[in-house]
Amino acid sequence: MLGVLLSVLLLLAATPEPVAAQVGLFKLGRWGGSLLFRMQKENREAPELTNQRLYNGALEVKNSGFVINPRLLAFQWTGEFALYLDRYRTELLSKDTRGRLLGHSLITSIFRHSAYPTQIMWNKTSNRIMLDDSGRTNYDVNYLQGTINMPGLAMPSRIQVGWRDFQETWRRAGFDNTRDQLRRSLSYTGNRDAELSTIAVRYNFLNVVDRIRTDWDYVNHTANARYRRLFGDEQQISYDSRANLFVRKGLGDYQSGRVGQSLHLKHMPSLSSRYHHTLSLTHALGGAYLQNTASASLQHRLWESLSSGISLGGSLGKLRGGQTRTYSMSGSVNYSKRIPLSGRFQIGWTRGYSINDIQATQTELSVVHQRYVFMAGLPILLREQDVIMGSILVFDESGMKIFDEGEDRDYFIRRAGDYVEIHRTQFGRIREGDLVLIDYRFRTMPSIRYATNTRVLSTGLSFGGLSITYNVNDHKQDLLRGKEEYLDNLNQLHTKSLQARLNARGDVAGMSALARYRIYETESLSFRSWDFSASTFWRPFGRLHLSNRLTVSRLFYGEDNTTLTSRSLQGELSWRPTRAFILRGHARYRARNDALRLPEDLFEFGGSLERYWRVLRFVLRYEKREWQLGEQFVNEDRLAMEIERTF
């Protein structure tokens, strides 16, 4: 409750500018913080659910301060206390959610001015969410970290040790789950920079101990090392060596290692060459994959305006029940020339050709309880290609509850090229941030041989702040051996783009604009798009600043030219009548209309008053959109308001 007491004292304290006070050997710095109130109200209308109302509110108090002894140590404190309330009302369901968040953080630096400065950090976060339908979510996280810096060694180093205790209990939709884990970590970083050489070493250790399910225990080791050396005057020879190692024991053993060597030779001012070799080994899912890759390239500058290059490469790999071979070659020519009116003309051409030869027998492999988290409203993308759709099973974190597939249930599945996406539904039992376990089967690549042709053309003109560029990219793969049914695994890509950019800036006003048209075509997807963006600023006198930004885009995709239109306009104002006082304001409008994803509109207005570090901020936001739940369309409008006082 220390954070709560400090917060209350801060709120009751007067707001005159605090003055640092000398206390013995210590200097007490000023304490600061903020008070935030947020309210959000939603209305949802659907043919069957008639009217749904959701109210969301939050009150947050934050505070911070520090105590310093200039020669010995420093204490820095931060605290956070928040209250949350959700009320959800429909004709079929009534739900209240009450929650609180309490967080403390203390950072101590010891021997700040010595050769071995040390830092200790303690952080604790507690969260409680209670539902009136007996649902409950509680979690407590304790985090302790120690850091020691050793800049005086031959290789300046840093060692960091961490200890995290994570406990969570929650109950939703009739089933419970508890997580109780201890996570220990250790990391080492060392860097040595000399005039002609560089050495860098990294090592990370993570041990996760699950107090409930011991089969979830695992240990990670990650190590990286790099050595770079320069020889001769003006870097005639450059040598670079890198090594990476990752080992996981438990929770599906996984090991991978890679060693790479690079050599850059400068034969003469106009001629240089590069050589690279990589050896990598991966062991996972009961199989191993070993690959050798090598390449060599030559760059030559005939004149100051004309340069060319050529490269050759290849790889040999061993995989489950077979092997892979790759041969590649590419060449490029680039020309750049100054033209009248202070302009410049550029043109570049690249041509590449490669052959991939996979000799293997197609088999099915199984993945059991692969861990994923639904984050930031994004779908989960399964890691393997050619997944058998009917084999996918999604479990809760305990592995005991199986979720239901369907657009009106817990999740639904979509193909994304060779991969598979899993989307969380709005009213399902899977919540944002939930960890899930997924089982599925996938097919390995069969015996196949294909060639890849790549052609890239880029040209452009520029005159001062105006530039125009045109690009063409053709990427085509042809089957040389194998069954026609596997041709879908190959890629046929064709893109074109035309772009114009204008920049003009002065001391009082300025602007920039970008217009672009693009064509994108593959075997499974094609679209055309154009977009335009412009931004301006105006400073009529030194203490007033106005700026705005406009963006418009339109996308046509599919055989029926389905359209997606997006528009946004934002303006900002900043006025500083005195050195200590600043007035800021902004307004934003965004609209989106998609024949598949339905319309969406957003209006936002906000501003702030600032005097030194004291800030009063206000934001009002209104959002309206339509979305689809199964075969049902839902209209939603949302009003949100935020008020924050920083002191």
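Residues numbered from 1 in each chain as written. Predicted model: local features only at pLDDT ≥ 70, side-chain atom pairs only at ≥ 80, totals over all residues. Heavy atoms only, no water.

Caption draft 1: The overall build of the chain, seen in detail. A count of helical and extended segments in the chain gives one helix and 36 strands. Buried residues in the chain amount to 33% of all 647 residues. Taking the contacts inside the chain whose residues are at least 6 apart along the sequence as the reference set, 52% of them involve residues at least 24 apart. As displayed, the chain has an accessible area near 37600 Å², and 57% of this comes from carbon and sulfur atoms. (Helix = DSSP H or I, 4+ residues; strand = E, 2+ residues; numbered from the N terminus. Buried < 20%, exposed > 50% of the residue type's maximum accessible area, 1.4 Å probe, protein only. Contact = heavy atoms within 4.5 Å. Areas by Shrake-Rupley, 256 points an atom, 1.4 Å probe, with all protein chains shown as cover.)

Caption draft 2: Structural view of the nonpolar core. Counting 19 residues, the largest nonpolar core has Leu-382, Ile-392, Ile-422, Val-436, Ile-438 and Tyr-440 as its most contacted members. Secondary-structure elements contributing two or more residues to this core are β20 (364-373), β23 (411-416), β24 (419-424) and β25 (435-443). If one sorts the elements of this core by residue count, β25 sits on top with four residues. Contact partners of Tyr-440, with chain neighbours within four places excluded, come to Leu-365, Ser-366, Val-367, Gln-370, Tyr-372, Leu-382, Arg-383, Glu-384, Val-387, Ser-391 and Ile-392. (Core = buried A, V, L, I, M, F, W, Y, C linked by side-chain atoms within 4.5 Å.)

Caption draft 3: How the structure looks around the packing of aromatic side chains. If you walk through the whole model with that rule in mind, you get five aromatic pairs. Judged by centre distance (4.9 Å) and plane angle (40°), the rings of Tyr-589 and Phe-603 are tilted. Placement of the pair is Tyr-589 in strand β33 (residues 581-594) and Phe-603 in strand β34 (residues 600-611), with a sequence separation of 14 residues. Overall, Phe-603 belongs to the partly exposed group, its relative accessible area being 43%. Feature note: the residues Tyr-589, Phe-603 and Tyr-622 constitute an aromatic cluster, connected by ring pairs. (Phe/Tyr/Trp six-rings, centres within 6.5 Å; stacked < 30°, edge-to-face > 60°.)

Caption draft 4: Region of the structure containing the sheet that holds β23. Read across the open sheet, the three strands follow the order β21-β24-β23; overall the sheet is antiparallel. Both edges of this open sheet fall to β21 (380-381) and β23, since each of them pairs with a single strand only. In this sheet, β24 lies alongside β21 in antiparallel orientation, the contact comprising two bridges. Paired with Leu-381 across the two strands is Glu-421, which belongs to β24. (Pairing = 2+ DSSP bridges.)

Caption draft 5: Molecular detail of the environment of Glu-405. Inspection of the secondary structure assignment puts Glu-405 in the loop between β22 (393-395) and β23. Judged by its relative accessible area of 45%, Glu-405 is partly exposed.

Caption draft 6: Structural context of the pairing of β24. Inspection of the sheet shows β23 paired to β24 by six bridges, in the antiparallel sense. Bridging across to β24, Ala-416 finds its partner in Tyr-419.

Caption draft 7: Representation of the pairing of strand β28 (residues 492-505) within the structure. Sheet analysis places strand β27 (residues 466-481) next to β28, joined by eleven bridges and oriented antiparallel. Bridged to Tyr-470 within β28 is Leu-498. Of the strand pairs in this sheet, β28 and strand β29 (residues 509-521) are connected by twelve bridges, and their pairing is antiparallel. Note on β29: the bridge partner recorded for Leu-498 is Tyr-517. Connecting β28 to the antiparallel partner β29 that follows it, the hairpin turn spans three residues.

Caption draft 8: Inspection of the sheet that holds β20 at higher detail. The strand order β20-β25-β22 describes an open sheet built from three strands, whose pairing is antiparallel. Looking along the sheet, the strands with just one partner apiece sit at the ends: β20 and β22. On average, adjacent strands in this sheet sit at an angle of 20° to one another, irrespective of strand direction. Two elements, β22 and β25, share three bridges in a ladder whose sense is antiparallel. (Axes fitted to C-alpha atoms, helices over the stretch in contact; angles between N-to-C directions.)

Caption draft 9: Geometry of the pattern of salt bridges. Inspection of every chain in the model, using the stated rule, returns 14 salt bridges. Note that Asp-140 and Arg-128 form a salt bridge whose closest N and O atoms lie 3.3 Å from each other. With Asp-140 in strand β8 (residues 136-150) and Arg-128 in strand β7 (residues 118-131), this pair connects stretches of sequence that are twelve residues apart. A salt bridge links Glu-644 to Arg-617; the nearest nitrogen and oxygen atoms lie 2.8 Å apart. Of this pair, Glu-644 sits in strand β36 (residues 632-646) while Arg-617 sits in strand β35 (residues 614-629), and the two are 27 residues apart along the sequence. Through salt bridges with shared partners, one network takes in Asp-165, Asp-180 and Arg-211. (Salt bridge = Lys/Arg side-chain N within 4 Å of Asp/Glu carboxyl O.)

Caption draft 10: A look at the environment of Val-456. Here Val-456 lies in strand β26 (residues 448-463). Taking the C-alpha atoms as reference points, Val-456 and His-475, separated by 19 residues in sequence, lie 8.6 Å from one another. Apart from residues no more than four positions distant in its own chain, Val-456 is found in contact with Gly-348, Trp-349, Thr-350, Val-472 and Asn-473.

Caption draft 11: How the structure looks around the side chain of Gln-492. Along the chain, the position of Gln-492 falls in strand β28. Accessibility expressed as a relative area gives 16% for Gln-492, which makes it buried. Engagement of the side chain of Gln-492 in a polar contact is seen with the backbone oxygen of Gln-477, the distance being 2.5 Å. For Gln-492, the residues in contact, after removing those within four places along its chain, are His-475, Lys-476, Gln-477, Glu-521, Thr-522 and Glu-523. (Polar contact = N/O pair within 3.5 Å; in protein donor to acceptor, adjacent residues only side chain to side chain.)

Caption draft 12: Representation of the side chain of Ser-305 within the structure. Along the chain, Ser-305 falls in the loop between β16 (287-301) and β17 (306-319). Leaving out residues up to four positions away in the same chain, Ser-305 has contacts with Asn-334, Tyr-335 and Ser-336.

Caption draft 13: Expanded view of the environment of Asn-593. If you trace the backbone, Asn-593 turns up in strand β33. Separated by 39 residues in the primary sequence, Asn-593 and Arg-554 have C-alpha atoms spaced 9.6 Å apart. Setting aside residues no more than four positions away along its own chain, Asn-593 makes contact with Thr-563, Leu-564, Thr-565 and Pro-599.

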